[in-house]
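# Overview (structure and organization)
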Amino acid sequence: MIELVRPRLVTFDVTGTLLMTKLEEHYVQIGTQHGLSVDPCKLARSFKNNFHRLSIEHPVYGKHTGIGWENWWRRIVHNVFKDQHNCIPQATLDKVANSLIKCYSTSMCWQKYPGTIELLEYLQKKGLILGVISNFDERLEAILLDTRIRFYFSFVLTSYDFGVEKPDPTIFDEAIKLTKERHSINVTPQEAIHIGDSISNDYIGAKNSNWNAILVKRDNDAATKQKIPKEDAVKNLEELRLHFSTLFDRKIKYA
């Protein structure tokens, strides 16, 4: 991280960074409501495999292939539950998918990580412009409103609305443009920091766009530690707030 330049723009990834979900718990609960027994371990593997496959076949949640985000998620849910049970009526699968899509549009399926509010309030009081850059669909605005953190952000930039996913540099460039449009200031990439939990999408994506970047890595994966500088990684949002506090206490300048 370039510590001689005072940051003016801080953007966040959302899932796995600011908000968490208990995927297995919600899928099991809603499946049970519709009379379907679910093996949580098998479900987790199935979800991961189907998410990866569909992301390749229909990137950006199906925006450019014509299926759209709702049908994209509906396919995920159908496939995951078909892996659990060979013969499920189509009507039941549709009901389960509709319930999960609705749940994941609200705070019922999303919770803030500890330290989220304290961090956002701290950065806001420091006069920084805050934004969101997330590989997400059209529900993100509603989710941020329902979890009561939307008002901290100047803009919410999703891959579905923009049409391009992280780590593509153009989505980071768009965040700079949105900042200029809404605040009438020119922020350089060196004055911007992106924070997220994905090495490829968030950390490397931001670095390749000439931004600064911080990785939120809550596990102790040794391979991750070897890939990025120690000073660019934090374990949680409380540690991240201390990181910023230390940064602002130093004699730094604007670019």
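- With an unreviewed UniProt entry as reference, the chain is termed Rhythmically expressed gene 2 protein, source organism Dufourea novaeangliae.

## Topic: the environment of I133
- Relative to the elements of secondary structure, I133 occurs in strand β4 (residues 129-134).
- Spatially, the C-alpha atoms of I133 and Y160 are 11 Å apart, while their sequence positions differ by 27 residues.
- Excluding residues that lie within four positions of it along the chain, I133 makes contacts with T11, F12, D13, L157, K166, I171, F172, A175, H194 and W211.

## Here we look at the pattern of salt bridges
- The tally for this structure, following the rule as stated, stands at eight salt bridges.
- With a closest N to O distance of 3.1 Å, K166 and D13 form a salt bridge. In this pair, K166 is assigned in the loop between α8 (159-162) and α9 (169-183) and D13 in the loop between β1 (9-12) and β2 (19-20), connecting sequence segments 153 residues apart. Pair check on accessibility: K166 and D13 agree, each one buried.

## A closer look at the side chain of R6
- Examined against the element boundaries, R6 turns out to sit in the segment before β1.
- The buried charged residue R6 lacks any salt bridge partner; its closest oppositely charged side chain belongs to E191, at an N-O distance of 8.6 Å.
- Engagement of the side chain of R6 in a polar contact is seen with the backbone oxygen of K126, the distance being 3.4 Å.

## Details of helix α2 (residues 40-57)
- The terminal C-alpha atoms of α2 lie 25 Å apart, and with 18 residues this matches the ideal 26 Å at 1.5 Å per residue to within 8%.
- On its buried face, α2 is in contact with α1 (23-33), α3 (59-62) and α4 (68-84).
- The residue sitting at the N-terminus of α2 and contributing the capping side-chain oxygen is D39; that oxygen lies 3.1 Å from the backbone nitrogen of C41.

## Things to note about the sheet that holds β1
- Overall, parallel pairing links the six strands, which are arranged β5-β4-β1-β6-β7-β8 in an open sheet. On the outer flanks of this sheet lie β5 (155-158) and β8 (233-234), each paired with one strand and no other.
- Sheet analysis places β1 next to β4, joined by four bridges and oriented parallel. Bridging across to β4, L9 finds its partner in I129.
- Along the sheet, α9 makes contact with β1, β4, β5 and β6 (192-196), crossing β5 at roughly 155°.
- Packed onto the sheet, helix α10 (residues 199-208) meets β6 and β7 (212-216) and runs at close to 160° relative to β7.

## Some points on the pairing of β4
- With six of six residues buried, β4 lies mostly within the body of the structure.
- Judged by which residues are buried, β4 turns out to be covered on both faces: I129, G131 and I133 on one side and L130, V132 and S134 on the other are all buried.
- Taken together, the four bridges between β4 and β5 define a ladder with parallel strand orientation. Bridge pairing links G131 to F155 in β5.
- Regarding topology, helix α7 (residues 140-146) serves as the crossover connection from β4 to the parallel β5, and that connection is right-handed.

Reading the values: rules and limits
The residue count restarts for each chain, going from 1 along the sequence in the order it is written. Only residues with pLDDT of 70 or above have their local features reported here, since the model is predicted, and side-chain atom pairs are shown and tallied only from 80 upward, although totals for entire chains, interfaces and linings are computed over all residues. To obtain the side-chain values, all non-hydrogen atoms of the structure were used and water was disregarded. Elements are defined by DSSP. Helices are runs of H or I of four residues or more, strands are runs of E of two residues or more, and each kind is numbered from the N terminus. Note on definitions: a residue-residue contact is assigned when non-hydrogen atoms from the two residues lie within 4.5 Å. Here, a salt bridge means any side-chain nitrogen of Lys or Arg that lies within 4 Å of a carboxyl oxygen of Asp or Glu. Only protein chains enter the accessibility calculation, which uses a 1.4 Å probe. A residue is then buried if its area is under 20% of the maximum for its type, exposed if over 50%, and partly exposed in between. Note on charges: Lys and Arg go in the positive column, Asp and Glu in the negative column, and His and the chain ends are not counted at all. As used in this structure description, the phrase polar contact means that two N or O atoms lie within 3.5 Å; if the pair is within protein, one of them must be able to donate a hydrogen and the other to accept it, and residues adjacent in sequence are counted only when both atoms belong to side chains. To estimate the expected span of a helix, count its residues, drop one, and scale the result by 1.5 Å. Being paired, for any two strands, means DSSP has found at least two bridges between them. Helix axes are fitted only over the stretch in contact, all axes being lines through C-alpha atoms; the angle between N-to-C directions runs from 0 to 180 degrees. Handedness rule for crossovers: strands pointing away from the viewer, path from the first strand over the helix to the second running clockwise, crossover right-handed.

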